[in-house]
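# Residue-level structure breakdown
One letter stands for each residue in the lines below.
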Amino acid sequence: MITITLPDGKALHLDAPMTLADIAGKISRDLAKKALAADVDGVAMDLTATLDKDAAVRFITPDTPEGLDIIRHSASHILAEAILQLFPGTKFAYGPAVEDGFYYDVDAPTVITAEDLPKIEKAMQKIVKANKPFVRHELTRAVAEAQYKNDEYKLDNIARAQGDVISFYTQGDFSDLCRGPHVPTAGKVGAVKVMSLAGAYWHGDASQKQLTRVYGTAFSTKEELDAHLKKLEEAKRRDHRVIGKQMDLFSTEPDVGPGLILWHPNGSMIRHEVEAFWKEEHIKRGYQILYTPHIASEAIYKRSGHLENYGDMMYSPMDIDGSPYRVKPMNCPGHILIYNSNVHSYRELPFRWCELGTVYRYEPSGTLHGMLRVRGFTQDDSHIFCTPEQVEDEINGVLDLMEHMMKTFGYKYKAFLATRPAKSIGTDAQWETATGALRAVLERRGMPYEVDEGGGVFYGPKIDIKLVDALGREWQGPTTQLDFNLPERFNVEYVGKDNERHKVVMIHRTVLGSMERFIGGLIEHFAGDFPLWLAPKQVRVLTVTDAAIAYGREVVEKLRRAGLRADLDDRGDKIGAKIREGELARVPVLLILGEKEKDTGEASVRRRLQGDLGSRKVDELVLELAQEVRERRLPNKN
RNA sequence: GCCAACUUGGCUCAGUGGUAGAGCAGUGCUUUCGUAAAGCACAGGUCCCGGGUUCGAAUCCCGGAGUUGGCUCCA
């Protein structure tokens, strides 16, 4: 509810959003215009546009997501005006509001560089300050086409617009084809910031011309903008690449090659714990663990169709005794050959076979990103071979396992049901039953999901889980896919009750995605403060003076015997310095030992994110910590 | 792969044409101290690589590699 005091002193109460029709019943149109003209806090947007005609007037406040979008979309027009001032002759392709701001794709006569960004930002601020109105006008298609005959982008946009009348918005010297709505005047865009430059293809098509994309963000107030920038700063501190260096978790080395992760001892320990948990949980759920070779004769990838369909992402063949071999890009063919090494009865199914399978794929150099997008990665892969009747239960089991994993790690995720793509194999009936089965399970479990229309793989539909990184970017993580292709190509069959051979249904799935991406995400999720069971170093024992060293060794020994990863800091530094180092290394438990503790068999406990917790009997503490690890407890606070 | 930027000791970063710098980390010595940095000293660099311009290049130009932000594509 917004209350506006009108120029005549009356109060006008508005619910947002609201249409002209709504107002019409309450006040005169003339009065409405006055209300809108009055610069009342909370009054929104697109006023000039709609009062000229009889379309709906919408009152949208800046503190709603819709209002923020309008502010940002208007800011993109202001960005365009600023660029036009500084780079006359620039053509403008497309400039929408996005998640955290807005951008404009431009085709400038000279290259826009990072050094230009502050200038552009200044120009934008000037435009905002000038507070000129956004004015809507309409042209017929023919007039619009004539007016923009030299601008291929606008012509294209006009061609894509619907109807015979095309709306334009003008503020200052800049006019742009646009559906609106916009803020009434540029001043309503309170605070703008030009963020960065990037390349982007026209229509997102790599074969089209590459445009310059200028990113910015806008908020209705400077305070909100500052808060947003601060959040970005904090996100940078969570970046797994930054923490990975601080905690000495992993690296890539140019001499090894880009996108190939070297797991340092600390990172390897985290991975070891994740893998141990993963194996334990799989065995509990009736899975069997497989190992298959890292290279294989090319013949298998011809048969699987990978060479044909994924040839671009496979590494070049190597010659072994005159035959071409390939590094494996997928684990499935190996698993299938294991299946096919025997005749199987329906009585044996389902087989739940899993492998922590390392695969290598050629990912374009520009797409590599820390541990989240790499060229060699270990999938927590599994292939379930089952009968059609078993599909739903098996999918359900997979989702159950996946949810259990995510819960254990305290991870939030988003589920997507990806349906049949344009290029695909299989019959309509096959796709319908398969997609239906996936949907049914999602609904049976009450899992929220979005539909990714046409996002399936050519061989079947899938359920994708996306992990979110510190900056809110989504990364494809766990996936469950039905496959109509490989059972055909490899003749993967079982003998049914009827003594006839039937094709198995094959489910590909991961519940973490890959070790690299999952652990990279985990680093950001915990900001390096891992739960005790995952922490590479769990306990560090710090001596106050040399007199406590012998006792310290004893305590470390006790911790280690209880299975805890403990070490001793017995250097001659002051205790404050040792604590500082332990905290910076993000060791979850620091035990401080001095004369006092030595005599009583205690330790002064300091826990990460909690601080000094006072003294405890060492024997009790060791049991408690071991228990916390066994339960894979999440930290209290995160 | 495409567009743009960046690359200086282990790390974070100064240094814009005239003999390579700081802090932290490391090593040695001193210090034995109670909850986030003790002191002194020492050591450490093909300024990413290759070519060019120049009397002279970390610095300017060209090519390559790697990284970063996006695009396209993907676990």
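Above: the structure in question.
Residues numbered from 1 in each chain as written. Chains lettered and ligands numbered in written order. Predicted model: local features only at pLDDT ≥ 70, side-chain atom pairs only at ≥ 80, totals over all residues. Heavy atoms only, no water.

What follows is about the environment of isoleucine 384. Within the element layout of this structure, isoleucine 384 appears in strand S18 (residues 376–386). Overall, the relative accessible area of 0% leaves isoleucine 384 in the buried class. Dropping the residues within four chain positions of it, isoleucine 384 is found in contact with Tyr287, Pro350, Phe351, Arg352, Glu394, Val398, Val505, Met506 and Ile507. (Helix = DSSP H or I, 4+ residues; strand = E, 2+ residues; numbered from the N terminus. Buried < 20%, exposed > 50% of the residue type's maximum accessible area, 1.4 Å probe, protein only. Contact = heavy atoms within 4.5 Å.)

Looking now at helix H8 (residues 222–238). With 17 residues, H8 should reach 24 Å at 1.5 Å per residue; the first-to-last C-alpha distance of 25 Å fits that figure. Listed as buried for H8 are Leu225, His228 and Ala235. With its buried residues spanning 75° around the axis, H8 presents them on a single face. In H8, the exposed positions that point more than 90 degrees away from the buried face belong to Glu223, Lys230 and Arg237. Each element contacted by the buried residues of H8 is listed here: strand S9 (191–201) and strand S10 (210–219). (Expected span 1.5 Å × (residues − 1). Arc of directions from axis to C-beta.)

In this section: the nonpolar core. One finds Phe409, Leu559 and Leu591 to be the most contacted residues of the largest nonpolar core, which totals 78 residues. For this core, the leading source of residues is helix H14 (residues 391–409), giving nine residues. Those residues within four positions of leucine 591 in sequence are excluded, and the remaining contacts are Val539, Arg540, Val541, Leu542, Val555, Leu559, Ala603, Ser604, Val605 and Leu621. Phe102, Tyr104, Ala123 and Cys178 belong to the second-largest nonpolar core, a separate cluster that totals 32 residues. (Core = buried A, V, L, I, M, F, W, Y, C linked by side-chain atoms within 4.5 Å.)

With that settled, the discussion passes to the sheet that holds strand S6 (residues 135–140). Here three strands make up an open sheet; going across it, the order is S6-S7-S8 and the pairing antiparallel. Bordering the open sheet on either side are S6 and strand S8 (174–177), each of which pairs with just one other strand. Taking the axes of each pair of neighbouring strands and ignoring which way they run, one obtains an average angle of 30° across the sheet. Bridge count between strand S7 (residues 165–171) and S8: four bridges; the pairing is antiparallel. When the sheet's bridge partners are listed, glutamine 171 is paired in S8 with phenylalanine 174. (Pairing = 2+ DSSP bridges. Axes fitted to C-alpha atoms, helices over the stretch in contact; angles between N-to-C directions.)

Our next topic: helix H19 (residues 575–584). Listing the buried residues of H19 in full gives Lys578, Ile579, Gly582 and Glu583. Projected down its long axis, H19 shows its buried positions confined to an angular sector of 135°, all on one face. Of the exposed residues in H19, the ones pointing more than 90 degrees away from its buried face are Arg580 and Leu584. Where the residues of H19 are buried, they touch strand S26 (539–543), strand S27 (566–569), strand S28 (589–593) and strand S29 (602–607). Trailing H19 by a residue or two, arginine 586 shows a phi angle of about 60°, which is positive.

Nothing here speaks to function; it is all geometry.
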